[in-house]
Amino acid sequence: MGAAIIVTLVFAFGVAVVMGLYIGVTKLPGILEQRRLDARLQEVSQPLVDEPLPGSGKLLVKARHEGPLPGLDRMLADSTRGFAIGRWIEQSGVKVSTSAMLLIALGAAGIVGFIVLAATRTPLALPIGAALGFAVPFLVLKVKRARRLRNFEEQFPEALDMISRALKAGHA
């Protein structure tokens, strides 16, 4: 009886050693490579501290704004409409995430809906006011986006002209 237990324990230990060696040989190089890659990405995405000029410590990896609901942000980024809203937010220069924008729109819908309901006291006022309130943050976003793109379009030819003159003069 005691010999069977010893044989079973030795067999289990042998299987554990063989499986450990197998996992170490097959998985360990990938794990170590992933750690090196993560460390390099972390290093590259941090701003440079030794920059002599203020504001020139730009990130190599673009920072994404984490919203109050990161799961919703990831889900919306995969959808066509959510991607378009994210692009509008990025083009407008507003520092807000997609989920935060939707929460702002829902909050504005509730507030405007109840204000319109209190002012008119008709049952149809709540959905109409809520729809108007939901649209207001997106209209503000659209105006900011249009203004920023217009400024870019005005300054872009001058920037190209300056770059071409610098290249002709021999600057890098």
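Residues numbered from 1 in each chain as written. Predicted model: local features only at pLDDT ≥ 70, side-chain atom pairs only at ≥ 80, totals over all residues. Heavy atoms only, no water.

Visitor: Even after reading the chapter, I still don't get unusual backbone geometry, so can you show me in this structure?
Guide: Trans peptide bonds make up most of the peptide bonds, and negative phi angles are found at most residues other than glycine. With phi around 55°, Arg 121 is a residue other than glycine that occupies positive phi space. With respect to the secondary-structure elements, Arg 121 resides in the loop between α4 (98-120) and α5 (125-168). Looking at Arg 121, the relative accessible area reads 72%, which means it is exposed. (Helix = DSSP H or I, 4+ residues; strand = E, 2+ residues; numbered from the N terminus. Buried < 20%, exposed > 50% of the residue type's maximum accessible area, 1.4 Å probe, protein only.)

Visitor: Sorry if this is basic, but what is going on with the packing of helix α3 (residues 80-92) against α5 here?
Guide: What describes two packed helices is the angle between their axes and the distance between those same axes. α5 packs onto α3 with a crossing angle of 50° between their chain directions and a minimal axis gap of 8 Å. As summarised for this structure, α3 and α5 are arranged oblique, according to the angle between their axes. Crossing of α3 against α5: the hand is left-handed. Contacts from Ile 85, Trp 88, Ile 89, Glu 90, Gln 91 and Ser 92 of α3 reach α5 at Phe 138, Leu 141, Lys 142, Lys 144, Arg 145, Arg 148 and Leu 149. In the contact of α3 with α5, the residues fall into 6 nonpolar, 2 polar and 5 charged. (Axes fitted to C-alpha atoms, helices over the stretch in contact; angles between N-to-C directions. Parallel < 35°, antiparallel > 145°, perpendicular 65-115°, else oblique. Left-handed = near helix turned anticlockwise from the far one by under 90°. Contact = heavy atoms within 4.5 Å. Nonpolar A, V, L, I, M, F, W, Y, C, P; charged D, E, K, R; others polar.)

Visitor: Got a minute to help me understand the nonpolar core in this structure?
Guide: As a rule of thumb, soluble globular proteins bury nonpolar side chains together. One finds Leu 76, Ile 85, Ile 89, Val 96, Ala 100, Met 101, Leu 102, Ala 105, Phe 138 and Leu 141 forming the largest nonpolar core, which totals 10 residues. In terms of residue count, the dominant contributor to this core is α4 (4 residues). (Core = buried A, V, L, I, M, F, W, Y, C linked by side-chain atoms within 4.5 Å.)

Visitor: When you look at the side chain of Ser 99 in this model, what are you seeing that I'm missing?
Guide: Residue placement: Ser 99 occurs in helix α4. Discounting residues that sit within four places of it in the chain, Ser 99 has contacts with Gly 67, Pro 68, Leu 69, Leu 72 and Asp 73.

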